[in-house]
Each structure stands twice: as C-alpha cells, then as structure tokens.
Amino acid sequence: MLRLAEVLQSELPSDVIVSAPNLGWWRTWGEFTFLRQQVESDAHALIAQHSTANIDIIGHSMGGLIWLEILADHPEWWGKVRSLVLLASPVGGSDLGRIFDPLGWLPLIARHLGKDRRAIASKIAQHIPTLAIAGDWDRGSDGTVVVGCTRFLHAHWRVIKGAYHAQLRLHPEAIALVRAFWQNPCLAEPVDNLETQILQYLYTLSLTDAHPRDLKFASAITNLREGFTLWRWRSPLQVKHIFVTDCRGAVIYAGFAGWADAHKIDLAIRGLVGNFGRNH
C-alpha cells in the first residue's frame, strides 16, 4: 500500500496528508487483533492532530477488513470519512480461510479472514460512500479471493477482468476507478430488484462464497421468477453447494456450507423457492 499511496499522492494537493502504515508482511500471518490495534492507534493519532480534516480510506485485502471493524467500533468517525475503498477484500469471509480453519480454533489469521463482515460493511456503506473493487483473474476469483465474496449491499461494486490479487492495488484500472470515485464520492443509489432481494436473503445465511466455475457440475433444481435459476451440487468431498444464475446464465451467487453447517444449504433452497419461486 506504500506504493499506492505514493502514486495517488503525486496528484493530490500539497496539503493532503497520506498515511500508509507498514504492518510487516510476516505479521499478517499472525494475530489479526494486533494488526487492527496498530492501524486504529495510528488513526486515533491522525484524527486527533487533524480534527477538521476529511478522510479517504483505502484498504487492500485484509486491510479493508481491518478498516471495516475499526469503523464499526467508531461510528463517531463516520462523519469525517469522505470515502471508503476496498480492494479485493473478502468481506463475506474468505473461502480459503474457512477451509484452512473451519472451526476457528487456530491462533492464526485464517479464522479472521473467514469471518463474514457483510452486515457491518452494508451498514457502513449506508453512511459512508463506499467502493468495492474485485479482480477477476480466472473468471470467478483473483486467484486468492472469490469475486462474489467482495460484494455487499449498499456499496458501489466494480470488477476488473484479468486482475489478480496482489496486482489489484496497483492495477491501472483500479487506480483510475479510485480517482474517479474521489472526484465525487456519493452513496450508492438504492436498488430493489429481484437480484438484490435474492442476495439479501442469501447473505443472512452466511454461507461461504464459492467459485462459479463449479456450476458446470451442478444440476438445476427449479426456475425462479424473472428467469433466475437455482442449481445444486455436492462435491466429491460431500460438501453441498448452491448457485443462482440470471436470465442470461450468469452466476449471481455461488456458495457452499461445510459439513457442520450443511443444513444451511437446505434452508437456502427452501427459502429461495418459497420467497422467489415462480408460483410466489
């Protein structure tokens, strides 16, 4: 993020203060709480020193998750934050994190990366103009974070084709999107279409976002309203998956539940059919 700060600072007025704390690569594999405390401490100091300044925040990957938790605990800062940008942040909970530490027992970063933060992200995005940017390197993920995992309600959401995870923070298209967003940061317009309603329901179940490439193994269960289709697949390891596609066949949601939470897939199917089936 230091390099991104340098790129953006070169075009900012001279009186703009840029802070990009170096958390240390090796520390990012350890305890999340320590990293968060360091960022929060730096933010406290800067806000106290520049109490009338507007704040623009950019977080890449785990950095975005850290900022979501900090902002959730400091709603008194929201009026000072002009914009929030999340780059490749697994807001819905990283699938790799949940697979590596499914029960959250290990004292490593995986259990924190696997945490679902969509509820707090959506709440923040209703008050702070928020832009979430995902990379789509392999038609469904940036090689590390599944594209769907970066999406949440009430935020602007953009996907950059061909961008992989580490590259995204310096990708020319991402930088251009940030610059354009900073020109006029605004709250996302409310959307109340069927796709949003489907996602809103599924997000409440906190399933793990899956890669849409596995749709080819799934079987269609039923047609929903407006051309949406519900699909189901059980992997060779007996992990239950669901997919929802739109009228063009594009995957709008892909998710799975681990063995201990397999009942959530059955609940999701019943809820989708009951709430959005063609006969309802």
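Our subject is the structure listed above.
Note that this is a predicted model, so its numbers are computed, not measured.

Colleague: Could you give an account of the sheet that holds strand β8 (residues 240-245), naming the residues involved and the relevant values?
Modeller: Read from one edge of the open sheet, five strands run β5-β9-β8-β7-β6, paired in antiparallel fashion. The sheet terminates laterally at β5 (208-209) and β6 (219-223), the two strands that pair on one side only. Both β8 and strand β9 (residues 251-257) contribute to a ladder of six bridges, which runs antiparallel. By the bridge assignment for β9, I242 is matched with G255.

Colleague: Before we move on, can you summarise the sheet that holds strand β2 (residues 81-87) with the specific residues and values?
Modeller: The four strands lie next to each other as β1-β2-β3-β4, forming an open sheet whose pairing is parallel. Each end of this open sheet is capped by a strand with a single partner; those strands are β1 (55-60) and β4 (156-161). Adjacent strand axes in the sheet meet at a mean angle of 15° when their direction is disregarded. Here β2 pairs with strand β3 (residues 130-136) via four bridges, running parallel. Pairing of L86 across the sheet is with A132, part of β3. The sheet strands contacting helix α3 (residues 62-73) are β1 and β2, and the helix crosses β1 at an angle near 135°.

Colleague: Lay out the packing of α3 against helix α6 (residues 118-125) in plain terms, naming residues and giving numbers.
Modeller: The geometry of α3 relative to α6 is characterised by a closest axis approach of 10 Å and an angle of 65° between their N-to-C directions. As for the relative orientation of α3 and α6, their crossing is left-handed in sense. On the side of α3, the interface is formed by L68, E69, L71 and A72, while α6 contributes I120, A121 and I124.

Colleague: Any details on the pairing of β1? Residues and values, ideally.
Modeller: Within β1, five of the six residues are buried, leaving the element largely enclosed by the surrounding structure. In this sheet, β2 lies alongside β1 in parallel orientation, the contact comprising six bridges. Within the sheet, the bridge partner assigned to I58 lies in β2 and is V85. A crossover links β1 with its parallel partner β2, the connecting element being α3, and its sense is right-handed.

Colleague: Outline the environment of G143, listing residues and values.
Modeller: Looking at where G143 falls in the secondary structure, it is placed in the loop between β3 and β4. A relative accessible area of 44% means that G143 is categorised as partly exposed.

Colleague: Requested: an account of α3, with residues and values cited.
Modeller: Residues lying three or four places apart along an α-helix face the same way, a consequence of the helix completing one turn every 3.6 residues. End to end, α3 covers 17 Å across 12 residues, agreeing with the expected 16 Å (1.5 Å per residue, within 8%). For α3, a buried count of nine out of 12 residues is recorded, marking the element as mostly surrounded by other parts of the structure. All buried positions along α3 are accounted for by M62, G64, L65, I66, W67, L68, E69, I70 and L71.

Colleague: Mind laying out the nonpolar core, listing which residues take part and the relevant values?
Modeller: Counting 28 residues, the largest nonpolar core has L68, L71, L84 and F152 as its most contacted members. At the level of secondary structure, the elements contributing two or more residues to this core comprise α2 (32-49), β1, α3, β2 and α6. Among the elements that line this core, the one with the most residues is α3, at seven residues. Setting aside its immediate chain neighbours within four residues, L84 contacts I57, L68, L71, I124, I128, P129, T130, L131 and F181. In this structure, L194, Y203, F228 and L272 belong to the second largest nonpolar core, which totals 22 residues.

Definitions and cut-offs
- Residues numbered from 1 in each chain as written.
- Predicted model: local features only at pLDDT ≥ 70, side-chain atom pairs only at ≥ 80, totals over all residues.
- Heavy atoms only, no water.
- Pairing = 2+ DSSP bridges.
- Helix = DSSP H or I, 4+ residues; strand = E, 2+ residues; numbered from the N terminus.
- Axes fitted to C-alpha atoms, helices over the stretch in contact; angles between N-to-C directions.
- Contact = heavy atoms within 4.5 Å.
- Left-handed = near helix turned anticlockwise from the far one by under 90°.
- Buried < 20%, exposed > 50% of the residue type's maximum accessible area, 1.4 Å probe, protein only.
- Right-handed = clockwise from strand over helix to strand, strands pointing away.
- Expected span 1.5 Å × (residues − 1).
- Core = buried A, V, L, I, M, F, W, Y, C linked by side-chain atoms within 4.5 Å.

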